[in-house]
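Chain by chain, the residues run as shown.
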Amino acid sequence: MEAKLAFPEDSPPLSILCAAKVAGVPLTIDPKLASGSAPTLHLSSGDFIHGVNTILCYIARVSSVSSFYGQDAIQAAYVDQWLDYAPVILTGSEFESACSFLDGYLSSRTFLVSYGLSIADIVIWSNLAGTGQRWESLRRSKKYQNLVRWFNSISNYSDTLDEFVSAYVGKRGIGKSPAPSLKEKVPDLKQNISSPEIDLPGAKVGEICVRFAPEPSGYLHIGHAKAGLLNKYFAETYKGHLIVRFDDTNPSKESNEFVENVLKDVETLGIKYDIVTYTSDYFPQLMELAENLIKQGKAYVDDTPKGQMRTERMDGVESKCRNNSVEDNLSLWREMINGTERGMQCCVRGKLDMQDPNKSLRDPVYYRCNTDPHHRVGSQYKVYPTYDFACPFVDALEGVTHALRSSEYHDRNAQYYRILQEMGLRRVEIYEFSRLNMVYTVLSKRKLLWFVQNKKVEDWTDPRFPTVQGIVRRGLKIEALVQFILEQGASKNLNLMEWDKLWTINKKIIDPVCGRHTSVLKDHRVLLTLTNGPEEPFIRVLPRHKKYEGAGKKATTFTNKIWLERADASVISIGEEITLMDWGNAIIKEIKIENGIITELLGELHLEGSVKTTKLKLTWLPDIEDLVSLSLVEFDYLIKKKKLEEDEDFLDNLNPCTRQEFSAIGDANMRNLKQGEIIQLERKGWPTKVRNEPGT
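No experiment lies behind these values; they were computed from the predicted model shown.

Peer 1: Explain the overall build of the protein residue by residue, including any values.
Peer 2: In terms of regular secondary structure, the protein is built from 20 helices and 30 strands. In terms of overall dimensions, the protein has C-alpha extents of about 100 × 70 × 45 Å along its principal axes. For the protein, the residues scored as buried account for 52% of the 696 residues in total. The long-range fraction of contacts in the protein, counting pairs at least 24 apart against all pairs at least 6 apart in sequence, stands at 71%. Accessible surface, the protein: about 32900 Å² in total, of which carbon and sulfur atoms supply 48%. Across the protein, the mean location of the 88 positive side-chain charges is 1 Å away from that of the 93 negative side-chain charges.

Peer 1: Account for the pairing of strand 10 (residues 365–369), naming residues and giving values.
Peer 2: Where strand 9 (residues 347–350) and strand 10 come together, three bridges link them in antiparallel fashion. Following the sheet pairing, R349 is matched in strand 10 by V365. Of the strand pairs in this sheet, strand 10 and strand 11 (residues 383–385) are connected by three bridges, and their pairing is antiparallel. Within strand 11, the position partnered with R368 by the bridge is Y384.

Peer 1: Please set out the sheet that holds strand 22 (residues 577–580) residue by residue, giving values where relevant.
Peer 2: Taken in spatial order, the seven strands make up an open sheet running 25-22-23-24-18-21-26, and their pairing is mixed. Two strands bound the open sheet, and with one partner strand each, they are strand 25 (617–618) and strand 26 (621–622). With two bridges connecting them, strand 22 and strand 25 associate as parallel partners. Residue pairing in the sheet places L580 in a bridge with L618 of strand 25.

Peer 1: Tell me about the nonpolar core, residues and numbers included.
Peer 2: The biggest cluster of nonpolar side chains holds 56 residues, and the ones touching the most others in it are I59, I119 and W150. Membership of the second largest hydrophobic core comes to 45 residues, among which are A235, L436, L476 and M497.

Peer 1: Explain the pairing of strand 7 (residues 275–278) residue by residue, including any values.
Peer 2: Across four bridges, the pairing between strand 6 (residues 241–246) and strand 7 is parallel. When the sheet's bridge partners are listed, V244 is paired in strand 7 with V276. As a crossover connection, the stretch from strand 6 through helix 10 (residues 256–268) into strand 7 is right-handed.

Peer 1: Describe the environment of L443, naming the residues involved and giving the relevant values.
Peer 2: Residue placement: L443 occurs in the loop between strand 14 (436–438) and helix 16 (445–453). Looking at L443, the relative accessible area reads 8%, which means it is buried. With sequence-adjacent residues up to four places away left out, L443 is seen in contact with H221, I222, R435, L436, N437, L448 and P466.

Peer 1: Hey, could you go over the sheet that holds strand 4 (residues 48–50) for me, with residue numbers and the actual values?
Peer 2: Ordered by their spatial adjacency, four strands build an open sheet running 2-1-3-4, and the pairing between neighbours is mixed. The open sheet has two edge strands, strand 2 (27–33) and strand 4, and neither has a second partner. The mean inter-strand angle of the sheet, taken between neighbouring strand axes irrespective of direction, is 20°. Pairing geometry for strand 3 (residues 40–43) and strand 4, over three bridges, is antiparallel. Looking at the pairing, T40 lines up with H50 of strand 4.

Peer 1: Help me get a handle on unusual backbone geometry, residues and values and all.
Peer 2: Positive phi outside glycine occurs at D363, with the angle close to 45°. On the secondary structure map, D363 appears in the loop between strand 9 and strand 10. We note that K455 has phi near 55°; this positive angle belongs to a residue other than glycine. Tracing the backbone shows K455 in the loop between helix 16 and helix 17 (468–473).

Peer 1: Tell me about the side chain of E291, and please be specific about residues and values.
Peer 2: Within the element layout of this structure, E291 appears in helix 11 (residues 283–295). A relative accessible area of 14% places E291 in the buried class. Within polar-contact distance, the side chain of E291 engages the side chain of R334 at 2.7 Å. Ignoring any residue separated from it by four or fewer positions in sequence, one finds E291 in contact with L330, W333 and R334.

Criteria and cut-off values
- Residues numbered from 1 in each chain as written.
- Predicted model: local features only at pLDDT ≥ 70, side-chain atom pairs only at ≥ 80, totals over all residues.
- Heavy atoms only, no water.
- Helix = DSSP H or I, 4+ residues; strand = E, 2+ residues; numbered from the N terminus.
- Buried < 20%, exposed > 50% of the residue type's maximum accessible area, 1.4 Å probe, protein only.
- Contact = heavy atoms within 4.5 Å.
- Areas by Shrake-Rupley, 256 points an atom, 1.4 Å probe, with all protein chains shown as cover.
- Lys, Arg positive; Asp, Glu negative; His and termini not counted.
- Charge placed at Lys NZ, Arg CZ, Asp CG, Glu CD.
- Pairing = 2+ DSSP bridges.
- Core = buried A, V, L, I, M, F, W, Y, C linked by side-chain atoms within 4.5 Å.
- Right-handed = clockwise from strand over helix to strand, strands pointing away.
- Axes fitted to C-alpha atoms, helices over the stretch in contact; angles between N-to-C directions.
- Polar contact = N/O pair within 3.5 Å; in protein donor to acceptor, adjacent residues only side chain to side chain.

All we've got here are geometric facts, nothing functional implied.
Structure follows, in structure tokens:
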């Protein structure tokens, strides 16, 4: 039911506006009440609701979010307490004390109430955000890490929530910015907000053609995924064509393995293309074009040593070969084609402008020699075009209308257009987007190849790698990657992105549906004997996910001897009552210790005890033979610095320990898991991607 929210322009009720957005409750806003008035919600039925908390409770009850007002009457009461709490202590002198309290409260919690997002989270979040710079300064100080973690996770429940808040919050806090215009709609969270709202200049529906042009010198990584998905987005938005073209102009780095895996990654990303082409398809035309440019005096053959050539280009000094005759250039060109010793000393350069301020226009290299066999054409050629020479020609020839290129090529755009002009070909529009950079990550294929060749990783699919296959193997859903990429749109701003944001999006996708299982570290387990436990083991069939029937069932065995994690056992006191998850309470009567290490616990079941009064809620496994042997692997970043500067060598910043493996045991149901299935190991983190190995 659509409603109109009236409030004073100088004090917008941010908590109501944010709650309505997340809850999917459409509002028309009317910021015209007198200053000091309480907000009023006018329903289309003619009824109205007055006051902040009353309106919040209404939104919670009509929300499409299942846990928004708690799961039962007790949780609803807790929600009400938080609604009363928020405006009292998150303003004025109590602000930092409140932050300190919240930080401690959230040390072992994901949400304020129970295990799901509630309106309490949104209200506390919006009250923090509403203080403007006061909260932001604390947020940057990292003083309250648990609170900041929670705040960031709530932000991700609506990808435009921060932008939405900025419309109402001034530099100093709530109410300092003008409210939006009359009848502006609060967006419904159900709308598709993952697609970038961007236009392609000069594009016409049904007439555009874009291309995704990876070099087959490695597997696709997350940076390539951004380029591929943006091309896909434009092709679909404008009902145009998409070409996948392999830029295979350097036989020393390329292979059929890379071609096959790039196509596999393209399919994984859901990129639908019209045709696959190769720059090598056009080698005859490119060679003919180069020779014609030499004959026209627009290109020449240069035998200047590489280092000297680089220095001359930087200083704007013309090569001694620049004014050679056409005949001499053609003679040397033949030496290059034949791959002779003399030809191997030469390259073909375009005769552009050695004094141009843009150094990319200072006689760039068009062709160079290479006697390595090509993965498609073998040893047929001894000369190969550079990317800068081949790309504009093939773009124009294949009918590309818009070439998407990352902003790192910005200085070479003028060269691209100039080469098209020299070739006498039609103009292709370049559209720039920012290169995607990730913290603690190298994306250079040359550097990634070093890790592979030096056996620092298994291969290109290693879960520590930023390759598409690596992050998918680690448990990432492609839907999360697509959403993460498209959220950034085709922005030209440089992006240094946190991996946490990507994994948070992934969690929102898999948490509601993935099955839960239990494991205990094999070398760090302690036996708990329940003296009044069942004399004979019995089995109960329980859901693999308490809130999603589609996850299926699992059989749990209950015995009088169970395994606990030693880390859990070490914080239990004699006489303490604990909760055994999916069973009930138990009271610890005795703790046996040898050489300072806990070896066994004795306890009694107390199933009539309340799980709400216990501090420890512990996972456990029955002491039975049917448990499954597991290998749990924990990964860290390959480099130890968040961002490498241009003059820094990644080899100086290698992380010495990036992979740790632990032996564990898991519940018997895990024997039926399928390879590639994503599960959650309760209280151990997730996603966990199942990979069946011999003996495990």
